Amino acid sequence: MCGIVGYVGPREAYPIILNGLKRLEYRGYDSAGVAIFDGSEIQLCKTKGKVSDLEAKIEGNIQTNGQLGIGHTRWATHGVPNDVNSHPHYSNSGDLVIIHNGIIENYATIKKELINRGYTFQSDTDTEVLVNLIEDIKIKEGVKLGKAVQIALNQVVGAYAIALFDRQKPDEIVVARLGSPLAIGIGDDEFFVASDATPFIEFTNKTVYLKDEEMAIIKAGRDVKIRKIKDDTLVDPYIQELQLNLEQIEKGGYEHFMLKEIYEQPQVIKDTYRGRLLADQGIIKLGGLEDHIHRFINAPRVTIVACGTSWHAGLVAEYIFEDWARIPVEVEYASEFRYRNPVISEKDVIIAISQSGETADTLAAIKLAKQRGAFVYGVCNVVGSSISRETDSGSYTHAGPEIGVASTKAFTTQITVLTMIALRLAQAKGTISTRDYMLHLRELELVPTYVSEALEGDGKIQEIANVFKDAANFLYLGRGYNFPVALEGALKLKEISYIHAEGYPAAEMKHGPIALIDEQMPVVVIAVNSNHYEKVVSNIEEIKARKGKIIAVVTEGDTTVKELADYIMEVPQIPEALTPLVTTIPLQLLSYHIALMLGRNVDQPRNLAKSVTVE
Ligand code: G6P
């Protein structure tokens, strides 16, 4: 969602801001803008559309000199995406300029009061209300910018990451956060501000992640000062040295980030289990888990909270936790969990799964669970993210930065971590035989090779994509461990090709979706070797009888389904519980190729955001 970039220091701000906005494009947005300040004039330009549209609007039309700047990509919440609603926003005097990620829930009331006091508004945004509230306080109370921001933020309800500057303070940016991420990059006599570290990684790896309810005054050439918004207490900045490098956030010869990320899976799965899985010695050791194993073992159940693809990884975990560790598992959409009155006690264990570690609903679900005394374990990809900090313990996935909005490598690395957790718990509880435990350890270690083999089917999958790219609907069916994979396959197709697709447990087809099947309906069936193989074959027969077109994911060497299906996508033989790690690969590739053939924006599909920081 909205992306924020800022710079103050000795360099020209504009190229840094523009490049930073390009790096944040993956978050999803519909408009973009910058404000550059040279100490006397503020140059502000914003537009609906892409960062490239903004660049075109700026080139040759406005002066871009200035050593302080802020930039923004907007994902509309209040007010349609248009030039006026885009950020940055001026205050009425024209002195303050703000960018904002999040929602100010009580903006309407504040706006009314400000209008009564003579303020006028150009846009429909909550952000313009906030900047004028700050201005009003600054003038009324005769305080400096930082203090005015602090007073204003104590009056607003909602979520925000903001960056703003004042014409009267040419070397200072004020930032604050509650609920939306904000990173400060610390260079030599210069500072960078961004929604994540990607916009400034080539300049500095020293980063401070603001915590909720913290604000900072950033002045070129000075130390960063962080304060608590509520009570003004000074906070010692915790400076992290990031491992991220530029190569990781570039396309590396691939046409799209999504394709690069699909192909990175053998490597990142290995990175995720490296040092944690010692198959030869029969050891799984996850740092975050060892001290808390008793919490899991004594828990009446485990509740998994997540959204989107991470929720699908949670569903896979439900099968493996129950199967091996015999722990009851419930998988909840974080957004539903937080607004019910869930029955959670101190004995409960909650696992929160999130690639970004910033999803607002998942964060809120964690907070609710913690209030009720539960132990919360995080499975996150982004180091230092809000969820990784908010949880009691956890395990990172080591997928590296995922830029494509449609999640791919995050999914398989999440499953890798969850599989290791389930195996370790099963071993600790004695609910898995030594033979099965060792078998799965060894096979998990081989998954990167199996995934590489599955990727070899890419050429054939492109041909299948070409046949079905114009279909209006798709059905995805799977059973057992592969039911969540069917859901994930359908989600991938919807997200990036805009073709309607539904995932179903294969046996449920008879209770509704079968009515949709005719010769126009492609049905993707995951029919790999498993306990349900014969049943899935029967489901395929039922579809065939109604003239549906079958695209089947099968185990290499399969003959039965091969005869029945119109097209097949092969994956290597692997123990059933690990099949999601390979069956998901052809489905990712199928949606990628269909979207590409339809001319969609694969990495930045319309309306979607990579990191959903508002509810
Ligand atoms: C958005 C993204 C999805 C992602 C979901 C959950 O909808 O577009 O790809 O699965 O959020 O995100 P998280 O970062 O919490 O895994």
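All figures in this text were calculated on a predicted structure; none of them were measured in a lab. (Residues numbered from 1 in each chain as written. Predicted model: local features only at pLDDT ≥ 70, side-chain atom pairs only at ≥ 80, totals over all residues. Heavy atoms only, no water.)

**Description of the UniProt feature "active site" (unreviewed entry) in the protein chain**
(1) Moving on: Under the local residue numbering, the UniProt record ascribes the feature "active site" (unreviewed entry) to Cys2 and Lys610. Across 609 residues of sequence, these annotated residues stay compact in space, with a maximum C-alpha separation of 9.9 Å.
(2) Moving on: Position of Cys2 among the secondary structure elements: in the segment before strand S1 (3-8).
(3) Moving on: Residue class for Cys2 comes out buried when judged on its relative accessible area of 7%.
(4) Moving on: Here Cys2 is in contact with Arg27, Gly28, His72, Thr73, Arg74, Trp75, His100, Asn101 and Ser195, once residues within four sequence places are set aside.
(5) Moving on: Mapped onto the elements, Lys610 comes out in the segment after helix H20 (580-597).
(6) Moving on: Residue classification places Lys610 among the buried residues on the basis of a relative accessible area of 11%. (UniProt positions renumbered as here; feature names shortened; annotations may be inferred. Helix = DSSP H or I, 4+ residues; strand = E, 2+ residues; numbered from the N terminus. Buried < 20%, exposed > 50% of the residue type's maximum accessible area, 1.4 Å probe, protein only. Contact = heavy atoms within 4.5 Å.)

**Here we look at the sheet that holds strand S13 (residues 225-228)**
(1) Moving on: Overall, antiparallel pairing links the seven strands, which are arranged S5-S6-S7-S8-S12-S13-S14 in an open sheet. Strands with a single pairing partner mark the edges of an open sheet, and in this sheet they are strand S5 (89-90) and strand S14 (234-235).
(2) Moving on: Across four bridges, strand S12 (residues 214-219) lies against S13 in antiparallel orientation. Paired with Ile217 across the two strands is Lys225, which belongs to S13.
(3) Moving on: Helix-sheet contacts for helix H4 (residues 126-141) involve S5, strand S6 (96-104) and strand S7 (158-166), and the interaxial angle to S6 is about 125°. (Pairing = 2+ DSSP bridges. Axes fitted to C-alpha atoms, helices over the stretch in contact; angles between N-to-C directions.)

**Structural notes on the nonpolar core**
(1) Moving on: Phe321, Ile351, Phe474 and Tyr476 are the most contacted members of the largest nonpolar core, which totals 92 residues.
(2) Moving on: With ten residues, the top contributor of residues to this core is helix H14 (residues 409-429).
(3) Moving on: Viewed by domain, this core spans two of them, domain 2 (252-454) and domain 3 (456-600), each represented by three or more residues.
(4) Moving on: Those residues in contact with Tyr476 that lie beyond four places of it in its chain are Ala486, Gly489, Ala490, Leu493, Ala501, Glu502, Gly503, Tyr504, Val524, Leu587 and Leu590.
(5) Moving on: Among the nonpolar cores identified, the runner-up in size contains 29 residues, and Tyr7, Ala13, Leu21 and Ala194 belong to it. (Core = buried A, V, L, I, M, F, W, Y, C linked by side-chain atoms within 4.5 Å. Domains from an automatic or database assignment.)

**Quick look at the state of the cysteines**
(1) Moving on: If you walk through the whole model with that rule in mind, you get zero disulfides.
(2) Moving on: Free of any disulfide, Cys45 has its nearest cysteine sulfur in Cys2, 18 Å distant.
(3) Moving on: With no disulfide of its own, Cys307 lies closest to Cys380 among cysteine sulfurs, the gap being 12 Å. (Disulfide = S-S within 2.5 Å.)

**Topic: the site of the ligand**
(1) Moving on: Surrounding the ligand, one finds 14 residues, the nearest of these being Ser310, Ser354, Gln355, Ser356 and Thr359.
(2) Moving on: The fraction of the free accessible surface of the ligand (390 Å²) that becomes covered by protein chains is 91%.
(3) Moving on: In terms of residues, the shell around the ligand owes the most to one element, helix H10 (residues 308-325), which gives three residues.
(4) Moving on: Along the lines of polarity and charge, the residues of the shell around the ligand split into four nonpolar, eight polar and two charged. (Near = heavy atom within 4 Å. Areas by Shrake-Rupley, 256 points an atom, 1.4 Å probe, with all protein chains shown as cover. Nonpolar A, V, L, I, M, F, W, Y, C, P; charged D, E, K, R; others polar.)

**Quick word on helix H2 (residues 51-58)**
(1) Moving on: Looking only at H2, the buried set comprises Val51, Leu54 and Ile58. Each buried residue of H2 sits inside an arc of 55° when the element is viewed along its axis, so together they form one side.
(2) Moving on: In this structure, the buried residues of H2 make contact with helix H1 (13-23), strand S2 (31-37), strand S3 (42-48) and strand S4 (68-74). (Arc of directions from axis to C-beta.)

**Describing the pairing of strand S18 (residues 302-306)**
(1) Moving on: In terms of residue burial, S18 counts as a mostly covered element, since five of its five residues are buried.
(2) Moving on: Where burial is concerned, the two faces of S18 agree: the one with Val302, Ile304 and Ala306 and the one with Thr303 and Val305 are both buried.
(3) Moving on: The pairing of S18 with strand S19 (residues 329-333) spans five bridges and is classified as parallel. When the bridges of S19 are listed, Val305 appears paired with Glu332.
(4) Moving on: Read from S18 through H10 to S19, the crossover connection turns out right-handed. (Right-handed = clockwise from strand over helix to strand, strands pointing away.)

**Side note on the domain arrangement of the protein chain**
(1) Moving on: Partitioning the protein chain into domains gives domain 1 (3-102 + 161-248), domain 2 (252-454) and domain 3 (456-600).
(2) Moving on: On a C-alpha basis, the centroid separation for the pair domain 1 and domain 3 is 44 Å.

**So, the UniProt feature "domain: SIS" (unreviewed entry) in the protein chain**
(1) Moving on: If you check UniProt for "domain: SIS" (unreviewed entry), the listed places come out as residues 292-431 and 464-605 in our numbering.
(2) Moving on: Across residues 292-431 one finds 48% helix and 19% strand; the C-alpha atoms that close the span lie 18 Å apart.
(3) Moving on: Summarising residues 464-605: 39% helix, 20% strand, and an end-to-end C-alpha distance of 22 Å.

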